[in-house]
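Structural description and commentary
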Amino acid sequence: RKEVEQDPGPFNVPEGATVAFNCTYSNSASQSFFWYRQDCRKEPKLLMSVYSSGNEDGRFTAQLNRASQYISLLIRDSKLSDSATYLCVVNTNNDYKLSFGAGTTVTVRA
Amino acid sequence: NAGVTQTPKFRVLKTGQSMTLLCAQDMNHEYMYWYRQDPGMGLRLIHYSVGEGTTAKGEVPDGYNVSRLKKQNFLLGLESAAPSQTSVYFCASRNYDVGDYGYTFGSGTRLTVV
């Protein structure tokens, strides 16, 4: 079983819509969770960390459900510029390393 | 502020050739990593380093070697390239501070082995 699994999508949504997707992780001892954004043929960039109580950054909301071992990302009022692949990232047993999901592709259309 | 710089950006190799990918960071980060990214598989860790002079194997280390002789540089070597090593390679670095887990990535090296 993969350490981090994501629905690859794609999620095709109109501008202004809300889109949400989840990521599941296998290691119940995982402590750190992140969402990264990757544009086509570019490097991943940190979008936001995910905290136990859930957190918001502008139009983006991240949630953590430890009992069911998943994290979620919700994007409100989608913009064309939100089109990207979103990578779920979880720490492994070793704090030095992070495990990446394969990504969820979001396409926002005009 | 350059961040993480990877060279080269593109390379085509013939099977059996060797090459070295260079990663340089100017943020004084302790930890450095080499990942490869293939379609549908996400980023997979090849090797990593937690400090100058130290290296460790990641998830997919076979066919690769690394060295971290200086804190700011992390080199990835392919001794005898194979078509299965065709991929996009990303270097990343991270600070040591507890709670600061974000990676900074380089812009990637696109390698094709024919």
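Below: a short report on this structure. Since we're looking at a predicted model, the values are computed, not measured. (Residues numbered from 1 in each chain as written. Chains lettered and ligands numbered in written order. Predicted model: local features only at pLDDT ≥ 70, side-chain atom pairs only at ≥ 80, totals over all residues. Heavy atoms only, no water.)

Below, the discussion takes up the overall build of chain A. Each helix and strand counted, chain A has zero helices and eleven strands in total. Starting at the N terminus and ending at the C terminus, chain A contains elements arranged as β-β-β-β-β-β-β-β-β-β-β. Whereas a compact globule of 110 residues would reach a radius of gyration of roughly 13 Å, chain A reaches 13 Å, a difference of no more than 12%. Along the longest, intermediate and shortest principal axes, the C-alpha atoms of chain A span 40 × 30 × 20 Å. Residue burial in chain A is summarised as follows: out of 110 residues, 46% are buried. Contacts spanning at least 24 positions in sequence make up 57% of the contacts within chain A whose residues lie at least 6 apart. (Helix = DSSP H or I, 4+ residues; strand = E, 2+ residues; numbered from the N terminus. Rg over C-alpha atoms; globule rule 2.2 N^0.38 Å. Buried < 20%, exposed > 50% of the residue type's maximum accessible area, 1.4 Å probe, protein only. Contact = heavy atoms within 4.5 Å.)

Counting its regular elements, chain B contains zero helices and eleven strands. Secondary structure elements in chain B, listed N-terminal to C-terminal, are β-β-β-β-β-β-β-β-β-β-β. On C-alpha atoms alone, chain B measures out to a radius of gyration of 13 Å, which is about the 13 Å that the 2.2 N^0.38 rule sets for 114 residues. Projected onto the principal axes, the alpha-carbon positions of chain B cover approximately 40 × 30 × 25 Å. Burial status across chain B gives 48% buried among its 114 residues.

The calculated volume of the largest pocket comes to roughly 510 Å³. Residue lining of the largest pocket: 24 residues in total, with Gln 38 and Arg 41 of chain A together with Gln 37, Asp 38 and Pro 39 of chain B positioned closest to the centre. Looking at the lining of the largest pocket, its residues break down into eight nonpolar, eleven polar and five charged. By volume, the second largest pocket is sized at about 430 Å³. Taken together, 22 residues form the lining of the second largest pocket, with Glu 3 and Phe 100 of chain A together with Leu 43, Arg 44 and Glu 59 of chain B sitting closest to its centre. Elements with a minimum of two residues in the lining of the second largest pocket: strand E1 (4–6) and strand E10 (98–100) of chain A together with strand E5 (42–51) of chain B. In terms of residues, the lining of the second largest pocket owes the most to one element, E5 of chain B, which gives four residues. Looking at side-chain class alone, the lining of the second largest pocket contains nine nonpolar, seven polar and six charged residues. (1 Å grid on protein atoms, 1.4 Å probe; cavity = no way out; pocket = protein on both sides within 12 Å on 5 of 7 lines; lining within 4 Å. Points joined across faces, edges and corners; volume = space filled by probe spheres on them. Nonpolar A, V, L, I, M, F, W, Y, C, P; charged D, E, K, R; others polar.)

Okay, the interface of chain A and chain B next. Taken together, the contacts link 19 residues of chain A with 20 residues of chain B. Approximately 1600 Å² of surface area, both sides summed, lies buried where chain A meets chain B, with 56% of it carried by carbon and sulfur atoms. Area buried by chain A at its contact with chain B is led by Glu 43, Tyr 96 and Phe 100 of chain A, which between them contribute 33% of it. Applying the counting criterion to the chain A and chain B interface returns zero salt bridges. For the interface between chain A and chain B, the tally reads five residue pairs in polar contact (both at pLDDT 80 or more). Breaking the side of chain A that touches chain B down by element, the ones donating at least two residues are strand E4 (33–38) and E10 of chain A. (Buried area = accessible area lost by both parts, 1.4 Å probe. Salt bridge = Lys/Arg side-chain N within 4 Å of Asp/Glu carboxyl O. Polar contact = N/O pair within 3.5 Å; in protein donor to acceptor, adjacent residues only side chain to side chain.)

A few words on the state of the cysteines. Residues and elements named next belong to chain A. If you walk through the whole model with that rule in mind, you get two disulfides over all chains. Disulfide pairing is shown between Cys 23 and Cys 88; the S-S distance is 1.9 Å. Between Cys 23 and Cys 88, the S-S dihedral sits near -65°, and the bridge is therefore left-handed. Note that Cys 23 is positioned in strand E3 (residues 19–25) and Cys 88 in strand E9 (residues 84–91), a separation of 65 residues in sequence. Residue Cys 23 is classed as buried on the basis of its relative accessible area of 0%. (Disulfide = S-S within 2.5 Å.)

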